2 protein chains.
Amino acid sequence: MTRIYLDAMGGDNAPKCTAEGAIEALRADSDLRITLGGDAAQLTPLLMDCDDVRERITVEHTTQVITNHDSPVMAVRTMKDSSIVRGMMAVRDGEADGFVSAGSTGAMLAAGMFRLGRLDGIDRPALAPLMPNGKGYFLLIDSGANVDCKPEYLRQFAIMGDIYMRRVQGMKEPRVGLLNIGAESEKGNQLTKETYPLLEKAPVHFVGNVEGRDVTNDVADVIVADGFAGNLILKFMEGMAGTLLGIIKKELLSDFRGKLGALIAKPAFKRVKKLMDYTEVGGAPLLGVKGAVVKAHGSSNGHAIACAIRQAAVMARTGVAQTIEETLKTMPQADE
Amino acid sequence: MTRIYLDAMGGDNAPKCTAEGAIEALRADSDLRITLGGDAAQLTPLLMDCDDVRERITVEHTTQVITNHDSPVMAVRTMKDSSIVRGMMAVRDGEADGFVSAGSTGAMLAAGMFRLGRLDGIDRPALAPLMPNGKGYFLLIDSGANVDCKPEYLRQFAIMGDIYMRRVQGMKEPRVGLLNIGAESEKGNQLTKETYPLLEKAPVHFVGNVEGRDVTNDVADVIVADGFAGNLILKFMEGMAGTLLGIIKKELLSDFRGKLGALIAKPAFKRVKKLMDYTEVGGAPLLGVKGAVVKAHGSSNGHAIACAIRQAAVMARTGVAQTIEETLKTMPQADE
């Protein structure tokens, strides 16, 4: 039985959608138990109509909620009865196999570092969302947890991303690329120039640099970046998609032909929106901590929460964290 | 009379399109003279049908062509009879007021630095294309000339971008933003955190950080970035637009309704493509060198070349370079 601790209070639509997500996940997977950490008074009524899975749900009453307005490090240090801290502690103490939250990203990173702890051999845990490229998905690691990076961190990101894609996505030989501003090995800033040779020697299928124009061109399954560059790409993708679809909409609605065409082609446009919607794939795993931790999107609905729970369960079952630790133990260090 | 030196051999479609662009620019502006630097044997036949402007064209025969395969610094040092080096020297020596090329970006940067020279007070010249955001344009400075930057460089980029938008685009009070991964002043990597207070004190209308998701949201007229981050954004925008339009096309063509709708809405889609086509706005000014230098897109057609020539002429006439130099002279240094 895989045991997932869900931060029932995290996300824009909590606790309604977190409760719904838990129920959906339990119905889809009979080998799952979920602990909902949160305000019991709010949660209990949301669990009225799920007798079929109710016995696999535990509600753990917590009295504190960390919001996006709290200083993450301070909140994680002082708010010990928050669902984020309690969940991370449950994983650390072996009471849960994985943790899922749609709450404050900063608090999750801080709690992952200071409450759950890093794996041996990992300097910095990284947040690694799956991003759509129209044909499939690529893992962007790091997407914002570590803004100033050393080459060695990026080497570890590459190895973690490779293991995640093999274990959780079932990929045979993930193509690992380095986000950079030129295709040639000597291109880039100091960080990427120093990282390139490390990735050549790393135990991954390194396919070289990935330029901005190729990020969504399906040239790599794992794209390695420092958290600053990764976060720019993550958020620019969201913004750019919105801008472009907005322009298309405006132009279509600006004359009769456009309006008619748009109306007729509406189902196709719906499919496009779904293809580019990264909440469909679940959440972003926090790789490098001692457990299966998934950050769901803040705007997650019940289905997105269920996907994130499933993702954490698969991570726990396939031993992603253990494999990362073992791989790094048996490997020569970067400077050898 | 404004005198522009055009690298007639630069770009994918040279010298045909460069000659066409020169003729178009001269017909639109009677106060313009153009020197075409390139192979006279190839150029002369292309100037047969322009008697109306022929007297304002000078062909300067050059024997060398720097390609994208040449090492920029080495090429600029050794290929003294290339149109890029000759053009930069002509500006330096006061024989031309501006220089335009659609050739090797690296060679232009190197020639700008070593043949033409930096303005007093400028540490690093920057390449600053105008990028579409659906509503209008923003200037992205730097877009790749300087991959590893100090905060002081970014301060200079902000001032140069501000002056360009005022002088050339006729904007009253350009909004200057800092590309970053969070909205709050304390967010970012070491570089952006140290740059923020410099921009607060700079003589520009600083509007704070611009996150990835807001780059195309018309929140700033000048977006300041180090060349690594700027180049990622520049190229990702190109790639992402292509990917998204490709997905839309594929989905539209996947069923009858979509096909019909697309056919009817075709004019609207053409307008969208034009709105997102950044070759329409001319080229990217190289700001911080001693003259009006514009890098046109490598795939420029004749019209794009004509736009870039006009842009260089406006830069020269409005004294962008001189204004930058004077502004920096009268300003306190960053560390005071």
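Residues numbered from 1 in each chain as written. Chains lettered and ligands numbered in written order. Predicted model: local features only at pLDDT ≥ 70, side-chain atom pairs only at ≥ 80, totals over all residues. Heavy atoms only, no water.

Novice: Give a description of the sheet that holds strand 9 (residues 205-210) of chain B that names residues and reports values.
Specialist: Picture the strands of a sheet paired through backbone hydrogen bonds; they go either parallel or antiparallel. All names here are of chain B. Spatially, 6-7-10-8-9 is the arrangement adopted by the 5 strands of the open sheet, whose pairing is mixed. The sheet is open, and its two borders are formed by strand 6 (130-132) and strand 9, each paired with just one other strand. In this sheet, adjacent strand axes meet at a mean angle of 30° when their direction is disregarded. Inspection of the sheet shows strand 8 (residues 175-179) paired to strand 10 (residues 222-224) by 3 bridges, in the parallel sense. Bridging from a neighbouring strand, Val-176 pairs with Val-222 of strand 10. (Pairing = 2+ DSSP bridges. Helix = DSSP H or I, 4+ residues; strand = E, 2+ residues; numbered from the N terminus. Axes fitted to C-alpha atoms, helices over the stretch in contact; angles between N-to-C directions.)

Novice: Help me get a handle on the packing of aromatic side chains, residues and values and all.
Specialist: Any aromatic ring pair is given by two values, namely how distant the centres are and how the planes are angled relative to each other. The tally for this structure, following the rule as stated, stands at 6 aromatic pairs over all chains. Residues Phe236(A) and Phe236(B) carry aromatic rings whose centres are separated by 5.8 Å and whose planes lie at 55° to one another, so their mutual orientation is tilted. Here Phe236(B) lies in helix 8 (residues 227-252) and Phe236(A) lies in helix 8 (residues 227-252), a pairing that spans two chains. This pair shows no difference in class: Phe236(A) is buried, exactly as Phe236(B) is. Between Phe269(A) and Phe269(B), the aromatic rings sit 6.4 Å apart at their centres with planes inclined by 15°, giving stacked as the arrangement. Note that Phe269(A) is positioned in helix 10 (residues 266-275) and Phe269(B) in helix 10 (residues 266-275), a pairing that runs across two chains. The pair Phe269(A) / Phe269(B) is uniform in exposure class, with both members buried. (Phe/Tyr/Trp six-rings, centres within 6.5 Å; stacked < 30°, edge-to-face > 60°. Buried < 20%, exposed > 50% of the residue type's maximum accessible area, 1.4 Å probe, protein only.)

Novice: Can you explain the relation of the copies chain A and chain B? Please cite residues and give values.
Specialist: With an RMSD of 0.0 Å, the fit of chain A onto chain B corresponds to turning through 180° and sliding 0.0 Å along the axis. Expressed as an axis order, the relation between the two copies is that of a two-fold axis. If distances are taken from each C-alpha of chain A to the rotation axis, the shortest is found for Gly261(A), at 1.9 Å. When the interface residues of chain A are mapped onto chain B, 100% of them again fall at the interface, so both copies present the same face. (Least-squares fit on C-alpha atoms with pLDDT ≥ 70 in both. Contact = heavy atoms within 4.5 Å.)

Novice: Can you explain the pattern of salt bridges? Please cite residues and give values.
Specialist: Pairs can form between side chains of opposite charge once their charged atoms are near each other. With the rule as written, the count across this model stands at 34 salt bridges over all chains. One salt bridge connects Asp255(A) with Arg271(B), and the closest N-O pair in it is separated by 3.5 Å. Here Arg271(B) lies in helix 10 and Asp255(A) lies in the loop between helix 8 and helix 9 (256-264), a pairing that spans two chains. Classification of Arg271(B) by relative accessible area gives partly exposed; the value is 29%. A salt bridge links Glu20(B) to Lys16(B), with the shortest nitrogen-to-oxygen separation between them at 2.7 Å. In this pair, Glu20(B) and Lys16(B) both sit in helix 1 (residues 16-28), 4 residues apart, roughly one turn of the helix. The partly exposed category is assigned to Glu20(B), whose relative accessible area is 34%. (Salt bridge = Lys/Arg side-chain N within 4 Å of Asp/Glu carboxyl O.)

Novice: Please give an account of unusual backbone geometry that cites residues and values.
Specialist: Going from Ile141(A) to Asp142(A), the amide bond is cis rather than trans, its omega being 10°. By secondary structure assignment, the location of Asp142(A) is in the loop between strand 7 (137-141) and helix 6 (151-167). Omega for the bond connecting Ala14(B) with Pro15(B) falls within 30 degrees of zero, at 0°, which places this linkage in the cis form. Positioned with a positive phi, Asp218(A) is a non-glycine residue whose angle comes to about 55°. In this structure, Asp218(A) sits in the loop between strand 9 (205-210) and strand 10 (222-224). Given the relative accessible area of 25%, Asp218(A) is considered partly exposed.

Novice: Please set out the interface of chain A and chain B residue by residue, giving values where relevant.
Specialist: Interface size is often expressed as the accessible area that is lost when the parts come together. Between chain A and chain B, the contact holds 52 residues from the first and 52 residues from the second. Counting the surface lost from both chain A and chain B, the interface buries some 4,800 Å², and carbon and sulfur atoms represent 72% of this. When the buried area of chain A at its contact with chain B is split by residue, Ile181(A), Phe228(A) and Phe236(A) rank highest and sum to 15% of it. Between chain A and chain B we count 8 salt bridges in total. Linking Lys235(B) and Glu211(A) is a salt bridge whose minimum nitrogen-to-oxygen distance equals 2.6 Å. For the interface between chain A and chain B, the tally reads 18 residue pairs in polar contact (both at pLDDT 80 or more). Only helix 7 (190-201), helix 8, helix 9 and helix 10 of chain A provide two or more residues apiece to the side of chain A that touches chain B. A per-element tally of the side of chain A that touches chain B places helix 8 of chain A first, with 19 residues. Class assignment of the residues belonging to the side of chain A that touches chain B gives a composition of 27 nonpolar, 16 polar and 9 charged. (Buried area = accessible area lost by both parts, 1.4 Å probe. Polar contact = N/O pair within 3.5 Å; in protein donor to acceptor, adjacent residues only side chain to side chain. Nonpolar A, V, L, I, M, F, W, Y, C, P; charged D, E, K, R; others polar.)

Novice: Outline a positive patch on the surface, supporting the account with residue identities and numerical values.
Specialist: All names here are of chain A. Residues Lys-249, Lys-266, Lys-270 and Lys-273 make up a contiguous surface patch of positive charge. The dominant element in the positive patch, judged by the number of residues it contributes, is helix 10, at 3 residues. Relative to the assigned elements, Lys-249 resides in helix 8. Judged by its relative accessible area of 55%, Lys-249 is exposed. (Patch = residues over 30% accessible without salt bridge, like charges linked within 9 Å, V, L, I, M, F, W, Y side chains within 5 Å. Areas by Shrake-Rupley, 256 points an atom, 1.4 Å probe, with all protein chains shown as cover. Lys, Arg positive; Asp, Glu negative; His and termini not counted. Charge placed at Lys NZ, Arg CZ, Asp CG, Glu CD.)

Novice: Can you tell me about the pairing of strand 7 of chain A, naming the residues and giving the values?
Specialist: Residue and element names in this part refer to chain A. Burial of strand 7 is extensive: 4 of the 5 residues sit out of reach of the surface. Both strand 6 (residues 130-132) and strand 7 contribute to a ladder of 3 bridges, which runs antiparallel. Counterpart to Met-131 in the pairing with strand 7 is Phe-138. Linking strand 6 back to strand 7 in an antiparallel pair, the connection comprises 4 residues, with Gly-134 at a positive phi of about 90°. Sheet topology places strand 7 next to strand 10; 3 bridges connect them, and they run parallel. Counted as the bridge partner of Leu-139 is Val-222 from strand 10.

Novice: Quick one: what's the story with the confidence of the model for chain A, residue by residue and with numbers?
Specialist: Overall, the predicted model of chain A reaches an average pLDDT of 92, with 97% of residues at or above 70. Two numbers describe this predicted complex: its pTM, 0.91, and its ipTM, 0.88. (pLDDT = per-residue confidence, 0-100.)

Novice: Requested: an account of the sheet that holds strand 1 (residues 2-7) of chain B, with residues and values cited.
Specialist: Residue and element names in this part refer to chain B. Taken together, 7 strands build an open sheet; the order of strands is 3-2-1-4-12-11-5 and the sheet is mixed. Each edge of the open sheet is held by one strand with a lone partner, namely strand 3 (57-61) and strand 5 (126-127). With 6 bridges connecting them, strand 1 and strand 2 (residues 32-38) associate as parallel partners. Among the inter-strand pairings, Leu-6 is bridged to a residue of strand 2, identified as Leu-36. Along the sheet face, helix 6 (residues 151-167) touches strand 5 and strand 11 (284-287) and points at about 130° away from the line of strand 11.

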